[in-house]
Amino acid sequence: MIPFDASGAFHPRTGSHELRRLAVRGAAASVLASGLSLAAQVISTVILARLLTPADFGVVTMVTTFSLLVASFGLNGFTEAVIQFEEIDHFTASNLFWLNSGAGLILAIAFAAAGSLLVRFYGNPLVAKVAFGLSVGILIAAPSVIHLALLKRAMCFAETSTNDVLGRVVNTAVSILLALRGWGYWALAAGIVAQQLSVTVGALWLCRWMPSLPRRTGKTGAVVRFAAKVYGQFSVSYSTLNLDNLLVGWRFNAVALGFYKKAFDLFALSASQLTAPLNNVALAALSRLNQDHVRFRRYLANSLGIVAFAGMAMSADLTLVGKDVVRLVLGPKWSEAGRIFELFGPGIGVMLLCHTVGWIHLSIGKPGRWLRWSLFQLAATACLFLLALRWGPKGIAAAWSISFWTLLVPGFWYAGRPVGFGVSDLIAAIWRYAAAALVAGLATAAIIRGALFWDSPSSTGAALGATVIISTLFVTLYLGTVILFYWGLAPLRQLASLLRELTPSRKATTPAAEVMGASI
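Residues numbered from 1 in each chain as written. Predicted model: local features only at pLDDT ≥ 70, side-chain atom pairs only at ≥ 80, totals over all residues. Heavy atoms only, no water.

Engineer: Looking at this model, I keep getting lost on the overall build of the chain. Mind explaining?
Structural biologist: When its secondary structure is counted, the chain shows 21 helices and two strands. Looking at the chain as a whole, 51% of its 520 residues are labelled buried. Partitioning the contacts of the chain with sequence separation of at least 6, the portion at a separation of at least 24 is 83%. A total of about 22,900 Å² of accessible surface is found on the chain, and carbon and sulfur atoms cover 67% of it. (Helix = DSSP H or I, 4+ residues; strand = E, 2+ residues; numbered from the N terminus. Buried < 20%, exposed > 50% of the residue type's maximum accessible area, 1.4 Å probe, protein only. Contact = heavy atoms within 4.5 Å. Areas by Shrake-Rupley, 256 points an atom, 1.4 Å probe, with all protein chains shown as cover.)

Structure (C-alpha cells):
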C-alpha cells in the first residue's frame, strides 16, 4: 500500500461506500488471526514447557515486565492518533516516524544500561544479560509503528493480522529451535527479538512509504499530546496487569515467578481470545450511538450478555479442570502452576466484563475518565496484592480474582454515569449467566466428586479424559440452566448470529452491530 498521493494527502485505499465490507472483512481477519496466534502460542507453550525450566521462564519474565512497557511506546499512542485524527498528511506522519524512531533509540540504550538496576532489584545477575538482549528488540520495533498505523488507517486489517500471525510463528519457531539446542532462557529472549524483527520487516514491506525529513506542519503537537494521553492510560493499565509479576519476582525467585507466570498466561489467554474479536464490533456500534442513550444502553447490555455467557462458563469450567489443563499443556513438572491456576479460575468471567469498561469510556469520548478509573484500579489492586503477598504466588492469584469481583460494580457505575447505564442494568444483563455457571459448577462437582478422576490424574491421558468428561458434563448442565432461566433459546441464537457474521467464508447479511443490539 502507498498511503499518500503526490500532494502528501492520505489517499484511502477504497471509497467510503466499501467501508462496511472492509469492516466486516477486517473483523473476520481479526478472528482468524486470533485463532492462528492462539494455535502458535499453544504449540510454543506445550513444547517449550518441556524443554525449559520454570527458572528460565522466570528470568525472562523479570525483564519483560519492564521491556514490554518500553517497547509499547508509540505503538500505544501514535497508532490511535494516526487512525483517529481526521487528517494525517505525509509530512505529519514523517515527523511522527522520526520522533518515534528517535525515542526508540534512546529507550533501547537506556534499557540496556538499566540492567544493573534490575540485578539489584531482583538479586539475579542473569537479568542484566537478558535486558541487553531485549533492548535490541526495542530498537528494531520502533521504525514499524507509523507504518502499521497507516495500514490500519487504510483498513488493511487482513494484512496487519497476517503480519502479526507471521511474527508469532517466527517467535515460536526460533524459541523452539534454540531451546532444542540448549540455549535455555536465551531461547525465549531470542524468540521475542525475532518476532519484533519479523513484524518490522513485514510492516515496511506492506506499507511502501518513505518518510521525509522533519518539518513544521502545525499538526504534530496535537497528535503528540493525544498520543501521550493514550500511552499514559496504557501505562497505568499495563502496570496493573504486571504488578503481580514484579512483586512475585522481587519477593521470591525466578522459579516461583516461572510457575506463576505460566498460570497467569493461561488465565489471560482465555480473556484475550474471547474479547479481542468483539472489541472492534462493540466499539464501532457504541460509538455510533453515543448520542442516543436509550439505544446505547440496550446495545451495551446485550454486548455484556454475550461476554458473560461465554466468560462465566469458561470461569466455572476452568476452575473445575484447571489442574488437568495445566498438566496437559505444560506437563507434570508444572503441577505447582496448576494449583495457582485454580485460584485464577473464579475470576476469569468477571475479568472479561471488567475489560469492557473501556468500551464505554472510549465510545462516549471520555478517555480522561478512563485514565482516572485506571489509576484507582491500580491503587486498589496494589493494596490487595500487598495484603496477599504473605501467602506467596497463590495469594496473588486469589487477590486477582477478588479484585475483579470487587471492582466490577464500581467500574460500571462510574463508566455508565454519563449515559445513564446503572448498576441495575449491569446486573440484569449478566446475573442469569453468573447464576447458571454457579449452579452448573456446583452440580458438576457434586456428581463427579467420588469419581476416580476427581483427584489430580497421574498421567497425561488421564488428565485429558478427566478434562473431557468434566467439561462435557458442565457445559451440558450450564446450557440447560441458561435455557431454563431464559425460558428459551434466545441467548444461544444471538451468539450464533454473531459468530456467523464474523465467519470469513460467509457473506455478510446482517451487520454485526445489529447482532450485538438484538434484544434477548
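Engineer: Could you clarify how one ought to interpret the layout of surface pockets in this entry?
Structural biologist: Picture a little ball the size of a water molecule; that probe, rolled over the atoms, points out where space is still empty. Quantified by volume, the second largest pocket comes out at close to 260 Å³. Forming the boundary of the second largest pocket are 13 residues, of which Ser315, Ala316, Thr319, Ala437 and Leu438 lie nearest the centre. The set of elements that each furnish at least two residues to the lining of the second largest pocket consists of α12 (293-330) and α18 (423-448). In terms of residue count, the dominant contributor to the lining of the second largest pocket is α18 (six residues). Grouping the amino acids of the lining of the second largest pocket by side-chain chemistry returns 10 nonpolar, three polar and no charged. (1 Å grid on protein atoms, 1.4 Å probe; cavity = no way out; pocket = protein on both sides within 12 Å on 5 of 7 lines; lining within 4 Å. Points joined across faces, edges and corners; volume = space filled by probe spheres on them. Nonpolar A, V, L, I, M, F, W, Y, C, P; charged D, E, K, R; others polar.)

Engineer: For this particular structure, what's the right way to read the packing of helix α10 (residues 220-251) against helix α16 (residues 367-388)?
Structural biologist: Any two packed helices are characterised by the angle at which their axes cross and by the distance between the axes. For the pair α10 and α16, interaxial distance at closest approach is 8 Å and the crossing angle is 10 degrees. As summarised for this structure, α10 and α16 are arranged roughly parallel, according to the angle between their axes. Only Trp370, Leu371, Ser374, Leu375, Gln377, Leu378, Thr381, Ala382, Phe385 and Leu386 of α16 make contact with α10, whose side of the interface consists of Gly232, Gln233, Val236, Ser237, Ser239, Thr240, Leu243, Asp244 and Leu247. Here the contact of α10 with α16 is built from residues that sort into 10 nonpolar, eight polar and one charged. (Axes fitted to C-alpha atoms, helices over the stretch in contact; angles between N-to-C directions. Parallel < 35°, antiparallel > 145°, perpendicular 65-115°, else oblique.)

Engineer: I'm lost on the pattern of salt bridges in this one. Help?
Structural biologist: Two side chains that carry opposite charge are able to pair once their charged atoms sit near each other. Per the counting criterion, the structure on display carries five salt bridges. Asp265 is paired through a salt bridge with Lys261; the nearest N and O atoms lie 3.2 Å apart. A residue pair is termed a helical-turn pair when its members lie 3 or 4 positions apart in one helix, as Asp265 and Lys261 do in helix α11 (residues 254-288) at four residues. You can call Lys261 buried: its relative accessible area is 18%. Among the salt bridges present, the one from Lys323 reaches Glu342, with a minimum N-O distance of 3.8 Å. On the criterion of sequence distance, the pair formed by Lys323 in helix α12 and Glu342 in helix α13 (residues 335-344) is long-range, its members being 19 residues apart. Residue classification places Lys323 among the partly exposed positions, given a relative accessible area of 30%. (Salt bridge = Lys/Arg side-chain N within 4 Å of Asp/Glu carboxyl O.)

Engineer: Please clarify how the confidence of the model for the chain should be interpreted in this entry.
Structural biologist: Low pLDDT means the predicted coordinates in that region are not meant to be read closely. Per-residue confidence for the chain gives a mean pLDDT of 83; residues scoring 70 or more make up 85%. Per-residue pLDDT, averaged within each element of the chain, yields its smallest value for helix α21 (residues 512-517) (46) and its largest for helix α9 (residues 185-206) (95). Scored below 50 in pLDDT, residues 504-516 makes 31 contacts in the model with residues more than four places away or belonging to other chains. (pLDDT = per-residue confidence, 0-100.)

Engineer: Before we go on, may I ask you to explain a nonpolar patch on the surface in this structure?
Structural biologist: Taken together, Ile43, Ile47, Leu51 and Leu180 make up a surface patch of nonpolar side chains, about 340 Å² in accessible area. In terms of residues, the nonpolar patch owes the most to one element, helix α1 (residues 19-51), which gives three residues. Within the secondary structure, Ile43 is located in helix α1. (Patch = residues over 30% accessible without salt bridge, like charges linked within 9 Å, V, L, I, M, F, W, Y side chains within 5 Å.)

Engineer: Mind showing me how you'd approach the nonpolar core here?
Structural biologist: Within soluble globular proteins, side chains that are nonpolar generally end up buried alongside one another. Among the nonpolar cores identified, the biggest contains 104 residues, and Tyr260, Leu304, Phe344 and Tyr478 are the most heavily contacted of them. Discounting chain neighbours no more than four positions away, the residues touching Leu304 are Leu353, Thr356, Phe412, Phe421, Leu426, Ala429 and Ile430. Formed by 23 residues, the second largest nonpolar core is a distinct cluster that contains Phe4, Ala81, Ala149 and Ala154. (Core = buried A, V, L, I, M, F, W, Y, C linked by side-chain atoms within 4.5 Å.)

Engineer: Where do I start with the environment of His361 in this structure?
Structural biologist: Within the element layout of this structure, His361 appears in helix α15 (residues 357-363). Distance from His361 to Gly416, taken between C-alpha atoms, is 8.3 Å for residues 55 residues apart in sequence.

Engineer: I'm lost on the packing of α12 against helix α14 (residues 348-355) in this one. Help?
Structural biologist: Between α12 and α14, the least distance of the axes is 6 Å, while the angle of their chain directions is 150 degrees. As judged from the angle between their axes, α12 and α14 are roughly antiparallel. Across the interface between the two elements, Leu304, Val307, Ala308, Gly311, Met312, Met314, Ser315 and Leu318 from α12 touch Ile348, Gly349, Val350, Leu352 and Leu353 from α14.

Engineer: I would appreciate a short explanation of the packing of aromatic side chains in the present structure.
Structural biologist: Ring pairs (aromatic) are described by centroid distance and by the angle formed between their planes. In this structure the tally under the stated criterion is 24 aromatic pairs. In this arrangement the basic side chain of Arg208 is found over the ring face of Trp205, its NZ or CZ atom lying 3.9 Å from the centre. Positioned over the ring face of Tyr486 is Arg432, at 4.9 Å from the centre of the ring. (Phe/Tyr/Trp six-rings, centres within 6.5 Å; stacked < 30°, edge-to-face > 60°. Lys NZ or Arg CZ within 6 Å of the ring centre and 35° of its normal.)

Engineer: Is there a simple way to explain the side chain of Thr61 in this structure?
Structural biologist: With respect to the secondary-structure elements, Thr61 resides in helix α2 (residues 54-71). Look at Thr61 and you get buried, because its relative accessible area is 5%. Those residues in contact with Thr61, other than ones at most four positions away along the chain, are Asn245, Leu257 and Lys261.

Engineer: Before we go on, may I ask you to explain the environment of Asn302 in this structure?
Structural biologist: Take Asn302: it is sitting in helix α12. Distance from Asn302 to Ala429, taken between C-alpha atoms, is 6.8 Å for residues 127 residues apart in sequence.

Engineer: Whenever I open this one, the environment of Trp205 confuses me. Can you help?
Structural biologist: Relative to the elements of secondary structure, Trp205 occurs in helix α9. Considered as a pair, Trp205 and His147 are 58 residues apart in the sequence and their alpha carbons are 9.4 Å apart.

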